[in-house]
Amino acid sequence: MNGNPVNASPPNVGAAKLRIEDLRDPVLTDAQRAALAHAERHPADLTVDAVLARARTITGLDDFGSDDFVERLRVWLDEIRLDPNRTALAGRIMFDLCVKYAANRLRITGLLARHPKIHDQEIVAPLFITGLPRTGTTHLVNLLAADTRFRSLPLWEADQPVPDRGEGPGVDGVDPRYVRCDRAWQRMRAGNPYLAAWHPMNPDSIHEDIELWANDFAGYNIEWIFQMAPRWREHYLAHDQTSHYRYLKTVLKVLQWYRPGERWLLKCPQHLENLGPLMEVFPDATVVMTHRDPVGAVQSAATMRAYGSRTAYRRFDVAEILEYWTDLMERLLRAGVDDRHLVPEGRILDVYFDRFMADTMGTVEQVYRHAGMELTERARAEIIAYVDAHPRDKHGSMTYDLRADFGITPERLRDRFAFYLRQHPVPVEVR
């Protein structure tokens, strides 16, 4: 990032095609400039003690349960605190996120102490969707979640699984957690006007279960939020993730206790490299794995991470960001290829994006058959109603240019994924 960014008006996000023209030399919006300036005036205290103290104050609780999370929390904070190239805004966002997750942890631990029978809840035959970002996982999980028999995870609930004691719906019948989540979504849209087109995070959208991992200070969530997190990546790769799947299962029991459903429907790309832990903790799970040209996934992730870097870093290198996310995507796919034998035969279904888009209901029917569920007329009607209400590219469609933005050809990038394409010969989409 070179020079001093100047003010800019937000892009025309209502346009059919959206293109980030200033990826290498950012032109900040007024909202981005204001956020950076405010954070400089109010820097965060990126220490474990400060985070935990704030979480205790917010909740009035003090039992975090097992303290093994403290080490992971420290690594998260150090990711920003020890990097002089990070902005004060990155520090403020990290502090607020850590406080949110620590407060959630307090609420979850407190609820389990008051209602220990929650541990007796059974999570039966959950359906996990996994695959690289931009391969149809979000669309598929939202389609299936329209079937009200599924117990899915809307963002407002993932954001704060347990309400504060004494907190309930307002006079309008709306849960205060929904209201808070919606306010956060509006702030995010102001900070990143492309976000709705790339990955909507409105309160009732079905979200990834990685958000529940975060309450255990686990998972790759902070890599998405902070563009790159090399210290955390090293820590993550050095540790087995089974304990975090157990924590996920506990939080699912909490949510199910509040609002039951016939069967859990969950999704997250990170399951690709954790099929062993997933099956150990959820031995009766069914896995749906989506497939698409991996170059599309890489260019999408790297472009949006580079866009986010304009407020997260003082200076940044788009080539470094591309390499980081190429490596992450390659790692996920290698693990998905190497470890798929850990899922019992007959319990994993491959869904190819081109076929999914060409025959949406046919793909849905295939998923139901594989999961051993009846696609009832009511479920079919609910899914069709969702499709009608959510046209593709409702908020515009992002366009990308690997050559112009990153100085690399799609063919050269695709070579990194030859091992995957031999097993899953998906159509080439990025040329």
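Residues numbered from 1 in each chain as written. Predicted model: local features only at pLDDT ≥ 70, side-chain atom pairs only at ≥ 80, totals over all residues. Heavy atoms only, no water.

**A closer look at the overall build of the protein chain**
Filter applied, for reference: Secondary structure elements follow DSSP: runs of H or I no shorter than four residues count as helices, runs of E no shorter than two count as strands, and numbering proceeds from the N terminus. Each radius of gyration is computed over the set of C-alpha atoms, and the globule rule expresses the reference value as 2.2 Å times the number of residues to the power 0.38. Working definition: with a 1.4 Å probe on protein chains only, accessible area under 20% of the residue-type maximum means buried, over 50% means exposed, and in between means partly exposed. Only heavy atoms enter the contact rule, under which two residues are in contact if any of them lie within 4.5 Å. For the accessible areas, the method is Shrake-Rupley and the probe is 1.4 Å, while residue cover comes only from the protein chains on display.
The helix and strand tally for the protein chain stands at 21 helices and seven strands. Computed over its C-alpha atoms, the radius of gyration of the protein chain comes to 21 Å, within 12% of the 22 Å expected for a compact globule of 431 residues. For the protein chain, the proportion of its 431 residues judged to be buried stands at 57%. Looking at the protein chain alone, contacts between residues at least 24 apart form 80% of all its contacts between residues at least 6 apart. With an accessible surface of roughly 18,400 Å², the protein chain has 50% of that area assigned to carbon and sulfur atoms.

**A few points about the packing of helix H14 (residues 294–312) against helix H15 (residues 318–339)**
The criterion, for reference: Only the stretch in contact is used when a helix axis is fitted, and all axes are lines through C-alpha atoms; the angle between N-to-C directions ranges over 0 to 180 degrees. By definition in this entry, angles of less than 35 degrees are roughly parallel, angles greater than 145 are roughly antiparallel, angles of 65 to 115 are roughly perpendicular, and the rest are oblique. Two helices cross in a left-handed way if the nearer one is turned anticlockwise from the farther one by less than a right angle. They cross in a right-handed way if the turn is clockwise.
The geometry of H14 relative to H15 is characterised by a closest axis approach of 9 Å and an angle of 140° between their N-to-C directions. The angle between H14 and H15 places the two elements in the oblique class. Handedness of the crossing formed by H14 with H15: right-handed. For the pair formed by H14 and H15, the contact residues are Pro 294, Ala 297, Val 298, Ala 301, Ala 302, Arg 305, Ala 306 and Ser 309 on the first element and Val 318, Ile 321, Leu 322, Trp 325, Thr 326, Met 329 and Leu 333 on the second.

**Quick notes on the nonpolar core**
Defined as follows: We define a nonpolar core as any set of buried Ala, Val, Leu, Ile, Met, Phe, Trp, Tyr and Cys residues linked to one another through side-chain atoms lying within 4.5 Å.
If you look at the biggest cluster of nonpolar residues, it comprises 115 residues, and the most contacted ones within it are Val 51, Leu 73, Trp 76, Met 94, Phe 282 and Trp 325. Among the elements that make up this core, the one with the highest residue count is helix H4 (residues 88–114) (13 residues). When residues no more than four places from it in sequence are discounted, the contact partners of Val 51 are Leu 73, Leu 77, Phe 95, Cys 98, Val 99 and Ala 102. Grouped together as the second largest cluster of nonpolar side chains are 25 residues, Ala 146, Leu 265, Val 364 and Leu 375 included.

**Notes on the sheet that holds strand S6 (residues 348–352)**
The strands making up a sheet are joined through hydrogen bonds of the backbone, oriented either antiparallel or parallel. The condition is simple: For two strands to pair, DSSP has to find at least two bridges joining them.
One open sheet accounts for five strands, arranged S3-S4-S2-S5-S6; its pairing is parallel. The open sheet has two edge strands, strand S3 (150–151) and S6, and neither has a second partner. The pairing of S3 with strand S4 (residues 263–267) spans two bridges and is classified as parallel. Bridging across to S4, Arg 151 finds its partner in Trp 264. Packed on one face of the sheet, helix H17 (residues 360–371) meets strand S2 (127–130), S3, S4, strand S5 (286–291) and S6 and runs near 175° to S6.

**Comments concerning the environment of Gln 299**
With respect to the helices and strands, Gln 299 occurs in helix H14. Between the alpha carbons of Gln 299 and Phe 353 there is a distance of 17 Å; along the sequence they are 54 residues apart.

**Observations regarding the packing of aromatic side chains**
Here is the rule we go by: Within 6.5 Å between ring centres, the rings of Phe, Tyr and Trp (the latter by its six-membered ring) count as paired, and their orientation is classed by plane angle as stacked under 30 degrees, edge-to-face over 60, tilted in between.
This model, assessed by the stated rule, comprises 15 aromatic pairs. Each ring, one from Phe 64 and one from Phe 69, has its centre 5.6 Å from the other, and the planes form 40°; the classification is tilted. A residue is classified by how much of its surface remains accessible, and Phe 69, at 2% relative accessible area, is buried. Plain terms: the ring middles of Trp 76 and Tyr 101 are 6.1 Å apart, the flat faces sit at 80° to each other, and that makes the pair edge-to-face. Residue Trp 76 is located in helix H3 (residues 69–81), and its partner Tyr 101 is located in helix H4; the two are separated by 25 residues in the primary sequence. One exposure class covers both Trp 76 and Tyr 101, and it is buried.

**Brief notes about the pairing of S2**
Burial of S2 is two-sided: the residues Leu 127 and Ile 129 facing one way and the residues Phe 128 and Thr 130 facing the other way are all buried. For S2 and S4, the ladder comprises three bridges, and the chain directions are parallel. Its bridge partner being in S4, Leu 127 is matched across the sheet by Leu 265. The pairing of S2 with S5 spans four bridges and is classified as parallel. Within S5, the residue paired with Phe 128 across the bridge is Val 287.

**Regarding the environment of Glu 71**
Heads up, the rule is: In the analysis that follows, any N or O atom pair within 3.5 Å is treated as a polar contact, provided that within protein one partner can donate a hydrogen and the other can accept it, and provided that, for residues neighboring in sequence, both atoms belong to side chains.
Counting through the fold element by element, Glu 71 comes out in helix H3. Residues within four places of Glu 71 in sequence aside, it is in contact with His 235 and His 239. Side chain to side chain, Glu 71 and His 235 meet in a polar contact 3.1 Å long.

**Observations concerning unusual backbone geometry**
Located in the positive-phi region is Ala 125, a residue other than glycine, with phi close to 45°. Within the secondary structure, Ala 125 sits in the loop between H4 and S2. Classification of Ala 125 by relative accessible area gives buried; the value is 19%.

**Some words on the side chain of Glu 211**
If you trace the backbone, Glu 211 turns up in helix H9 (residues 210–213). Separated by 3.4 Å, the side chains of Glu 211 and Lys 100 make a polar contact. Among residues more than four places away in sequence, those in contact with Glu 211 are Lys 100, Tyr 101, Ala 158, Asp 159 and Asn 221.

**Considering the pattern of salt bridges**
Stated formally: For this document, the term salt bridge refers to a Lys or Arg side-chain nitrogen within 4 Å of an Asp or Glu carboxyl oxygen.
Taken as a whole and judged by the stated rule, the model has 31 salt bridges. Beyond isolated ion pairs, a larger network of salt bridges with shared partners links Asp 68, Arg 72, Arg 105 and Asp 216.

**Comments concerning H15**
Helical geometry: 3.6 residues make up each α-helical turn, so side chains three or four residues apart lie on a common side. Note the following rule: In this analysis, the expected span of each helix is defined as 1.5 Å times one less than the number of residues it contains.
End to end, H15 covers 32 Å across 22 residues, agreeing with the expected 32 Å (1.5 Å per residue, within 8%). The N-cap of H15, judged by a side-chain oxygen 2.9 Å from the amide nitrogen of Ala 319 a few residues on, is Asp 317.

**So, the side chain of Thr 59**
Within the secondary structure, Thr 59 sits in helix H2 (residues 48–59). Looking at Thr 59, its side chain comes within polar contact range of the main-chain oxygen of Ala 55, at 2.9 Å. Leave out the neighbours within four places in its chain, and Thr 59 touches Ala 103, Leu 106 and Arg 107.

**Brief notes about the pairing of S6**
Counting buried positions over the five residues of S6 gives four, a clear majority of the element. By the bridge criterion, five bridges tie S5 to S6 in an arrangement that is parallel. Counterpart to His 291 in the pairing with S6 is Tyr 352.

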